[in-house]
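Secondary and tertiary structure notes
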Amino acid sequence: MVPPVSKSQPYRIRPAVPADAPAIAETHIAALREAYGGLMAEDHLTKLSLSERIQEWSRILRYAKRPYLSAALVAEHGPDVVGFAACGKQQSETLAERGYGGEFSALYLLVPWQRRGIGTALMGAMSQAMQEDGFRAASLWVFRDNGKARRFYEHLGGHLLDERASRYGEETMAEVAYGWPDLAALRQRARGS
């Protein structure tokens, strides 16, 4: 399922297992604070609970059934989890009705590990996992004001599909959806990037 990583690369991508829940939770909180500082209220980011994230990821990794969760992946550098990703069945009824049966539900990398091809490799691996579960197209949601992430998804050929408002704590944030109508084409693009 996961493409091989050459020996010269300082990271490796592999399927996540339940024992990864604490490391994923730590990486998740750190990456949220890095990515959303200035976009989201600081009090929301400082209140993120490690124990709650560990419980959440433990539940996801232990009990999720295919195709709800097609893949949960970690990117490692030595013993450290520097990023992770998850994908599966579409959660937005509107996007599912438009033919986007799969969803990229999480993709986070710590800032020092960005722009090294890891995010692209994770997108390619998730695309493959969703294709194996029978999905042909997929989408994701990203904060409208997260220009860095939006440029990354546009570079990978994502098409702007929709916009919505979502509640995070006490605030409402605008999100936009990007879609890939052909996961095979996204996998090919991820290989060539």
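Everything here concerns the structure above.
Structure report, in brief. (Residues numbered from 1 in each chain as written. Predicted model: local features only at pLDDT ≥ 70, side-chain atom pairs only at ≥ 80, totals over all residues. Heavy atoms only, no water.)

**Notes on the nonpolar core**
Operational definition: The definition of a nonpolar core used throughout is a set of buried Ala, Val, Leu, Ile, Met, Phe, Trp, Tyr and Cys residues joined through side-chain atoms within 4.5 Å. Relative accessible area decides the class of each residue, using a 1.4 Å probe on protein chains only: under 20% of the type maximum gives buried, over 50% gives exposed, and in between gives partly exposed. Counting from the N terminus, the helices are DSSP H or I runs at least four residues long and the strands are E runs at least two residues long. Throughout, a residue-residue contact means that at least one pair of heavy atoms, one from each residue, lies within 4.5 Å.
Grouped together as the largest cluster of nonpolar side chains are 54 residues, with contacts concentrated most on Phe104, Leu122, Met123, Leu140, Tyr153 and Trp180. Tallying contributions element by element places helix 5 (residues 118-132) first for this core, with seven residues. Not counting residues within four places of it along the chain, the set of residues in contact with Leu122 comprises Ile13, Leu73, Ala75, Phe84, Ala85, Leu107 and Leu109. Among the nonpolar cores identified, the runner-up in size contains six residues, and Leu95, Tyr100, Ala137 and Leu161 belong to it.

**Describing the packing of helix 5 against helix 7 (residues 183-192)**
Using the following cut-off: Between N-to-C directions, angles span 0 to 180 degrees; the directions come from axes that are lines fitted to C-alpha atoms, helices contributing only their stretch in contact. Note that the term roughly parallel is reserved for angles under 35 degrees, roughly antiparallel for angles over 145, roughly perpendicular for angles of 65 to 115, and oblique for everything else. For a crossing to be left-handed, the near helix must be turned anticlockwise from the far one by less than a right angle; the clockwise case is right-handed. Classification convention: Asp, Glu, Lys, Arg as charged; Ala, Val, Leu, Ile, Met, Phe, Trp, Tyr, Cys, Pro as nonpolar; all other residues, Gly among them, as polar.
Relative orientation of the contacting elements helix 5 and helix 7 amounts to 150 degrees, with a least axis distance of 9 Å. Viewed along their axes, helix 5 and helix 7 adopt a mutual orientation that is roughly antiparallel. For helix 5 against helix 7, the interelement crossing comes out left-handed. Listed contacts from helix 7 to Thr120, Met123, Gly124, Ser127, Gln128, Met130 and Gln131 of helix 5 are Leu183, Ala184, Leu186, Arg187 and Ala190. In terms of residue class, the contact of helix 5 with helix 7 is made up of six nonpolar, five polar and one charged.

**Structural notes on the environment of Gly88**
By the element assignment, Gly88 lies in strand 3 (residues 80-89). Between the alpha carbons of Gly88 and Leu122 there is a distance of 14 Å; along the sequence they are 34 residues apart. Setting aside chain neighbours within four positions, we find Gly88 in contact with Pro67, Tyr68, Leu69, Ser70, Gly101, Gly102, Glu103, Met130 and Phe135.

**Regarding the pattern of salt bridges**
We count it as follows: Here, a salt bridge means any Lys or Arg side-chain nitrogen found within 4 Å of an Asp or Glu carboxyl oxygen.
Inspection of the entire model under this criterion finds seven salt bridges. When salt bridges with common partners are traced through the structure, they connect Arg12, Arg14, Asp20 and Glu76 into a single cluster.

**Considering the packing of helix 1 (residues 21-36) against helix 3 (residues 50-63)**
A packed helix pair is summarised by two numbers, namely the angle formed by the two axes and the spacing between the axes. Two elements in contact, helix 1 and helix 3, have axes separated by 8 Å at closest approach and are oriented at 125 degrees. Taken together, the axes of helix 1 and helix 3 are oblique relative to one another. Between helix 1 and helix 3 lies a crossing whose hand is right-handed. Residues Ala21, Pro22, Ile24, Ala25, Glu26, His28, Ile29 and Leu32 of helix 1 pack against Leu50, Arg53, Ile54, Trp57, Ser58 and Leu61 of helix 3. Looking at the contact of helix 1 with helix 3, its residues break down into ten nonpolar, two polar and two charged.

**Things to note about the pairing of strand 7 (residues 171-180)**
Each regular strand carries side chains that alternate between the two faces of the sheet. Worth spelling out the cut-off: Pairing between strands is defined by DSSP: at least two bridges between them are needed.
Across the ten residues of strand 7, seven count as buried, placing the element largely inside the fold. Note that strand 5 (residues 138-143) and strand 7 share six bridges and pair antiparallel. Residue pairing in the sheet places Ala138 in a bridge with Trp180 of strand 7. Pairing analysis gives nine bridges linking strand 6 (residues 159-168) to strand 7, with the strands arranged antiparallel. When the sheet's bridge partners are listed, Asp162 is paired in strand 7 with Ala177. Hairpin geometry of strand 6 and strand 7 is characterised by an intervening segment of two residues between the two adjacent antiparallel strands and by a positive phi of about 65 degrees at Gly169.

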